[in-house]
Amino acid sequence: MESSSNKDMKQVFEQLANIKAVEPNAKLQTLTLSRLNKKKIIPLNWVRAVACLFILFISSEYYVFYNNKSNRQDVASYVSITNNTLYNE
Amino acid sequence: MTFDEIYFDHHKMVFNLALQYVQNIEDAEEITQDVFLKVFDNLDSFKKQASLKTWIYRISINQSLDFIKAKNTQKRNFLSSIFSLNDEKFKFEPPNFNHPGIELEQKEAYQKIFEAINQLSDNQKTAIILLKIEDKSQFETAEIMNLNVKALESLFQRAKKNLEIFLISKG
């Protein structure tokens, strides 16, 4: 004999099985496609990221360039200054 | 298969599945859009280990569960900012129960059942929805949920038991 709780659950599942499938709104396709088309345009965040990378690249180039320049000046202090006159002159 | 053909063949299935999770048209429409955006993004990487339908089912389930989680987080953040609640467990309650597949005079009875279903864990909820509302076979459901049939069976038994407890507690 079936217990009452099993019977109740059977009834609940029968109710769930009776839920009808519905047709979505016809506008849904248009909405989905318009969101897709918006996505195809490059998102602003990517533009920002590329701009940041570009600025980072320019600043690193600037840093490297000026660092080299000061290095060259450091090396120059080790080179003895000669007056270009020959000893036997 | 073009994207339009995929949309045409599966949009009704995605929308109805989302409806079972969120029980209102607006949210189900939003989930449907998100699902097809994901399908479009990942169509190239879709490996034909599963059928297209199974793959879309999985995306729809994950998207619906993520949507519910996001809504719960929003709700938790809002409430905790007011009442300083942290550990409270929030369960999804649709803002307006508006399931178009249910007749108006039976709305109240169904609302109680869905309130109980919403209390279940993600996997248990999915098992009930696929087996009992979407009328999928055990084999299909197991494939969609990436489980073996035996594991699905025990998951369903636990879901049934918990559902019964939640329904009794609701009176």
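Residues numbered from 1 in each chain as written. Chains lettered and ligands numbered in written order. Predicted model: local features only at pLDDT ≥ 70, side-chain atom pairs only at ≥ 80, totals over all residues.

### Examining the overall build of chain A
Then step 1. Regarding its fold elements, chain A presents three helices and zero strands.
Then step 2. When the helices and strands of chain A are listed from N to C terminus, the series reads α-α-α.
Then step 3. Taken across its 89 residues, chain A has 6% of its residues classed as buried. (Helix = DSSP H or I, 4+ residues; strand = E, 2+ residues; numbered from the N terminus. Buried ≥ 20, exposed ≤ 12 C-beta atoms within 10 Å, placed from the backbone.)

### Concerning the overall build of chain B
Then step 1. The secondary structure content of chain B amounts to seven helices and zero strands.
Then step 2. Listed by position from the N terminus, the elements making up chain B come as α-α-α-α-α-α-α.
Then step 3. Residues counted as buried form 35% of the 171 residues belonging to chain B.
Then step 4. Expressed as a percentage of contacts within chain B between residues at least 6 apart in sequence, the contacts between residues at least 24 apart total 64%. (Contact = placed C-beta atoms within 7 Å.)

### Considerations on the interface of chain B and chain A
Then step 1. Residue-level contacts link 23 residues of chain B with 21 residues of chain A.
Then step 2. Only helix 1 (3–22), helix 2 (25–42), helix 4 (107–118), helix 5 (122–133) and helix 7 (149–170) of chain B provide two or more residues apiece to the side of chain B that touches chain A.
Then step 3. Sort the elements by how many residues they give to the side of chain B that touches chain A and helix 2 of chain B lands first, with six residues.
Then step 4. When the residues that make up the side of chain B that touches chain A are grouped by side-chain class, the tally is 12 nonpolar, five polar and six charged. (Nonpolar A, V, L, I, M, F, W, Y, C, P; charged D, E, K, R; others polar.)

### A word on the confidence of the model for chain B
In low-pLDDT segments, the atomic positions of the prediction should not be examined closely.
All names here are of chain B.
Then step 1. The predicted model of chain B averages 88 in pLDDT, with 87% of residues at 70 or higher.
Then step 2. Predicted confidence in chain B is weakest over helix 3 (residues 52–83), with a mean pLDDT of 84, and strongest over helix 5, with 96.
Then step 3. Across the interfaces of the predicted complex, the ipTM metric reaches 0.83, alongside a pTM of 0.75. (pLDDT = per-residue confidence, 0-100.)

### Here we look at helix 4 of chain B
Residues and elements named next belong to chain B.
Then step 1. Compared with an ideal rise of 1.5 Å per residue, which puts 12 residues at 16 Å, helix 4 spans 16 Å between its outermost C-alpha atoms and is within 8% of the ideal.
Then step 2. The set of residues buried in helix 4 consists of I113, F114, A116 and I117. Buried positions in helix 4, seen along its axis, are confined to an arc of 155 degrees and lie on one side of it. (Expected span 1.5 Å × (residues − 1). Arc of directions from axis to C-beta.)

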